[in-house]
Amino acid sequence: MLHITQKENRVLNQIKYYQNEYKDGGIPYRILKLDLDLSEMDLKDILMMLDSKDIISYNNGNVKLLKTGNINVWESKEDVKKEELNQTEEKAFKIIKEIAGESGLLSKTLLEGHMLYGELKLTSLKTYNIIIALENKGLIKKTQLSDGEYYTLNL
């Protein structure tokens, strides 16, 4: 599921509108600029964001539509980030449950390693934020054992 802001959705709708008219080379940037009442900086930022989410392809001043389904529209960038974090938290907790197994015990280094280098490939900061968020929600708890720091599952 992809998440975009209302402004991004407005630009995306305009791209969908012009898509059939400019099939071959893509929609020229200048056409979107003339049609949308956005500053050049805002429009370029939105196009870059949509491109980074693989919804469109934006290069050489042309825009091509790549995806149209399963897109949620949110009020602000903060709402989008919050929802993406929630989805990542769910995936991370599922992975943690699999790794911890029946004991419900997981070493801190093993947990961090799986978040950084496993399926999710999170950054160090995102790994830290996910762990803190899961702790704050009461899903995991930090525990100190004689051989190091561990996390236990609170199910």
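Throughout what follows, the structure given in this document is the object of discussion. (Residues numbered from 1 in each chain as written. Predicted model: local features only at pLDDT ≥ 70, side-chain atom pairs only at ≥ 80, totals over all residues. Heavy atoms only, no water.)

1. Some remarks on the overall build of the chain
Thinking step 1. The helix and strand tally for the chain stands at 6 helices and 8 strands.
Thinking step 2. Shown N-terminal to C-terminal, the secondary structure of the chain runs as helices and strands in the order β-α-β-α-α-β-β-β-α-β-α-α-β-β.
Thinking step 3. Expected size for 155 residues packed as a compact globule is a radius of gyration near 15 Å; at 21 Å, the chain overshoots this value by more than 25%.
Thinking step 4. Dimensions of the chain, computed from the C-alpha atoms along their principal axes, are close to 65 × 25 × 25 Å. (Helix = DSSP H or I, 4+ residues; strand = E, 2+ residues; numbered from the N terminus. Rg over C-alpha atoms; globule rule 2.2 N^0.38 Å.)

2. A closer look at the nonpolar core
The tendency in soluble globular proteins is for nonpolar side chains to be buried side by side.
Thinking step 1. If you look at the biggest cluster of nonpolar residues, it comprises 21 residues, and the most contacted ones within it are Val11, Leu32, Leu47 and Ile56.
Thinking step 2. For this core, the secondary structure elements donating two or more residues are β1 (2-5), α1 (6-19), α2 (29-35), α3 (40-52) and β3 (56-59).
Thinking step 3. Among residues more than four places away in sequence, those in contact with leucine 32 are Gln14, Ile15, Tyr18, Ile27, Leu43, Leu47 and Val63.
Thinking step 4. One finds Ala92, Ile95, Leu106 and Leu111 within the second-largest nonpolar core, a separate group that totals 16 residues. (Core = buried A, V, L, I, M, F, W, Y, C linked by side-chain atoms within 4.5 Å. Buried < 20%, exposed > 50% of the residue type's maximum accessible area, 1.4 Å probe, protein only. Contact = heavy atoms within 4.5 Å.)

3. Digging into the pattern of salt bridges
Thinking step 1. Enumeration according to the criterion identifies 4 salt bridges in this entry.
Thinking step 2. With a shortest N-O distance of 3.4 Å, lysine 44 and glutamate 40 are connected by a salt bridge. Of this pair, lysine 44 and glutamate 40 both sit in helix α3, 4 residues apart, roughly one helical turn.
Thinking step 3. Overall, the relative accessible area of 34% leaves lysine 44 in the partly exposed class.
Thinking step 4. Relative accessible area serves as the criterion here: at 43%, glutamate 40 is assigned to the partly exposed category.
Thinking step 5. Put simply, glutamate 149 and lysine 108 hold a salt bridge, and the shortest N to O gap is 3.4 Å. In this pair, glutamate 149 is assigned in strand β8 (residues 148-153) and lysine 108 in helix α5 (residues 108-117), connecting sequence segments 41 residues apart.
Thinking step 6. Judged by relative accessible area, which is 31%, glutamate 149 ranks as partly exposed. (Salt bridge = Lys/Arg side-chain N within 4 Å of Asp/Glu carboxyl O.)

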